[in-house]
Amino acid sequence: MQASSLAAVSSLSSSVPARRWSVAEVLALYELPLMDLIWQAQGVHREYFDANAIQRSTLLSVKTGGCSEDCSYCSQSARYDTDTERERLMPLDEVLAAAQAAKAKGASRFCMGAAWKGPKDNDLERVLDMVREVKAIGMQTCVTLGMLKEGQAEKLKEAGLDYYNHNLDTDKEFYGQVIKTHTQDDRLDTLEQVRDAGINVCSGGIIGMGESRKNRAGLLVQLANLPKAPESVPINNLVPIPGTPLAENDALDPFEFVRTIAAARIMMPTSWVRLSAGRQQMSDELQTLCFLAGANSMFYGDRLLTTDNPDVDRDDALFARLGVKAV
Ligand code: SAM
Ligand code: DTB
Ligand code: SF4
């Protein structure tokens with residue numbers, strides 16, 4: 001989609017009246033026959049978006065490993081013995097080179113991730129330089145740095161940041177079973193700061209951590225019922241990481257993942273719903289079902305943060321086979 005159509009979507013988002021969702025209503029969506037649910041989601045999708053256009057963001061881990069937090073799914077927590085080694089914050093020239101390569105491959109947004117509980121002020125200064133420089137090559141910018149302290153979101157906005165990614169990850173009820181070093185309210189507080197600073201919000205979660213369908217519905221309700229729904233909603237399928245508490249988790253029925261995408265699309269009609277982590281483990285056909293259910297954004301590039309993503313050649317071939325265009 002060109003800039004003008006993107007602008008049309010964002011102006012639409014302010015004209016769609018906010019409605020509050022209940023968990024019971026969302027569970028009723030989940031319980032629909034799959035064909036009916038996808039049909040409904042596809043109808044909503046076509047009302048607000050070009051159904052044959054998919055936005056592509058490239059991720060780069062600019063600070064890997066050694067994180068103080070205990071998120072049970074994460075390869076980067078210092079508390080678990082995983083294959084991920086702790087690294088220092090990447091130099092600006094390496095980040096810029098990666099952004100230029102991503103732009104040349106056709107990504108429209110560059111997302112920089114750091115394994116921090118939150119940024120220290122001197123680290124933030126270095127990230128601000130990254131944001132400025134990546135913005136200057138004509139890419140949309142996104143960072144995910146953990147929880148923000150007062151004033152940090154405003155600095156990111158001034159540097160030209162377009163999106164801040166900060167996932168709720170799972171609903172309030174299940175959160176404490178997955179993460180004990182911070183609360184979901186801490187995450188909500190950062191989302192409020194990002195929103196107040198005028199930065200687009202990117203927030204979603206992880207499916208397949210042993211949560212119930214009610215927890216999945218609860219997460220979507222929390223996201224959709226925020227004072228303003230996130231502009232971007234990443235739905236991650238758990239990538240089990242050896243050494244983490246969730247390493248041996250049973251895989252979720254893929255149709256339950258598709259149902260989650262469809263429900264997110266229906267509940268947040270003007271948001272970009274991103275088919276996020278877990279694509280490497282999915283067939284082209286399952287990914288296509290996710291697009292049909294309303295996913296219209298993805299991570300593009302051979303790596304996510306510490307795990308593999310499909311090769312860009314495989315994604316390019318899939319786009320060509322589906323007649324989908326990148327935006
Ligand atoms: N430290 C920051 C934070 O927690 O927001 C930024 C990086 S963190 C790795 C970003 C997101 O990646 C998490 O919120 C989670 O949704 C996702 N993620 C991390 N590990 C994952 C895994 N093994 N499978 C699926 N998603 C994962
Ligand atoms: C999001 O929701 N998923 C991305 C991005 N935001 C930062 C991260 C996925 C990480 C998958 C596991 C890894 O590669 O470490
Ligand atoms: Fe740290 Fe983020 Fe991983 Fe949690 S998800 S351990 S905060 S890097």
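How each quantity is defined
- Residues numbered from 1 in each chain as written.
- Chains lettered and ligands numbered in written order.
- Predicted model: local features only at pLDDT ≥ 70, side-chain atom pairs only at ≥ 80, totals over all residues.
- Heavy atoms only, no water.
- Phe/Tyr/Trp six-rings, centres within 6.5 Å; stacked < 30°, edge-to-face > 60°.
- Lys NZ or Arg CZ within 6 Å of the ring centre and 35° of its normal.
- Near = heavy atom within 4 Å.
- Nonpolar A, V, L, I, M, F, W, Y, C, P; charged D, E, K, R; others polar.
- Patch = residues over 30% accessible without salt bridge, like charges linked within 9 Å, V, L, I, M, F, W, Y side chains within 5 Å.
- Areas by Shrake-Rupley, 256 points an atom, 1.4 Å probe, with all protein chains shown as cover.
- Salt bridge = Lys/Arg side-chain N within 4 Å of Asp/Glu carboxyl O.
- Lys, Arg positive; Asp, Glu negative; His and termini not counted.
- Charge placed at Lys NZ, Arg CZ, Asp CG, Glu CD.
- Helix = DSSP H or I, 4+ residues; strand = E, 2+ residues; numbered from the N terminus.
- Buried < 20%, exposed > 50% of the residue type's maximum accessible area, 1.4 Å probe, protein only.
- Pairing = 2+ DSSP bridges.
- Right-handed = clockwise from strand over helix to strand, strands pointing away.
- Arc of directions from axis to C-beta.
- Core = buried A, V, L, I, M, F, W, Y, C linked by side-chain atoms within 4.5 Å.
- Contact = heavy atoms within 4.5 Å.
- Polar contact = N/O pair within 3.5 Å; in protein donor to acceptor, adjacent residues only side chain to side chain.

Observations regarding the packing of aromatic side chains
Applying the stated criterion across every chain, the model contains one aromatic pair. Positioned above the aromatic ring of W21, the side-chain terminus of R19 is 3.7 Å from the ring centre. A cation over a ring is seen here: R56 above F319, with NZ or CZ 5.1 Å from the ring centre.

Things to note about the site of ligand 3
For ligand 3, the full set of nearby residues is C67, E69, C71, Y73, C74, S77 and A115. A breakdown of the residues in the shell around ligand 3 according to their chemical character gives five nonpolar, one polar and one charged.

Some thoughts on a negative patch on the surface
Negative charge collects at one region of the surface, where E150, E154, E158, D186, D189, E192 and D196 lie side by side. Per-element tally for the negative patch: the top contributor is helix 8 (residues 184–196), with four residues. Looking at the secondary structure, you find E158 in helix 6 (residues 152–159).

Thoughts on the pairing of strand 7 (residues 232–237)
For strand 7, a buried count of five out of six residues is recorded, marking the element as mostly surrounded by other parts of the structure. As paired strands, strand 6 (residues 205–207) and strand 7 are joined by three bridges and run parallel to one another. What sits directly across from I206, in strand 7, is N236. Once the chain exits strand 6 it traverses helix 9 (residues 213–224) before rejoining the sheet at strand 7, and the crossover so formed is right-handed. Relative to strand 8 (residues 272–275), strand 7 is paired through four bridges, and the arrangement is parallel.

Thoughts on helix 2 (residues 23–31)
Every buried residue of helix 2 is accounted for by V26, L27, L29 and Y30. Seen end-on, helix 2 carries its buried residues on one side only, within an arc spanning 150 degrees. Summarising the geometry of helix 2, the exposed residues directed more than 90 degrees from the buried face are A24 and E31.

Some points on the nonpolar core
Residues L156 and M267 are the most contacted members of the largest nonpolar core, which totals 84 residues. Element by element, the count of residues in this core is highest for helix 10 (residues 254–267), at eight residues. Ignoring anything within four residues of it in the chain, the contact list for M267 reads W21, V26, L29, L220, V221 and A224.

Overview of the site of ligand 1
Lining the immediate surroundings of ligand 1 are 18 residues, of which Y73, N167, D169, R187 and V239 lie closest. W116 places a polar main-chain atom, nitrogen or oxygen, 3.2 Å from a nitrogen atom of ligand 1. Between ligand 1 and V239 there is a distance of 2.9 Å, counted from a nitrogen atom to a backbone nitrogen or oxygen. A total of 550 Å² of accessible area belongs to ligand 1 in isolation, and the protein chains cover 89% of it. Looking at the shell around ligand 1 residue by residue, the class counts come to nine nonpolar, seven polar and two charged.

Topic: the environment of V324
For V324, the position within the fold is in the loop between helix 12 (312–322) and strand 10 (325–326). What makes V324 buried here is its relative accessible area of 15%. In the structure, V324 is positioned 270 residues away from I54 in sequence and 7.0 Å away in space, judged by C-alpha atoms. Beyond its immediate stretch of four places on either side in the chain, V324 contacts N52, I54 and F319.

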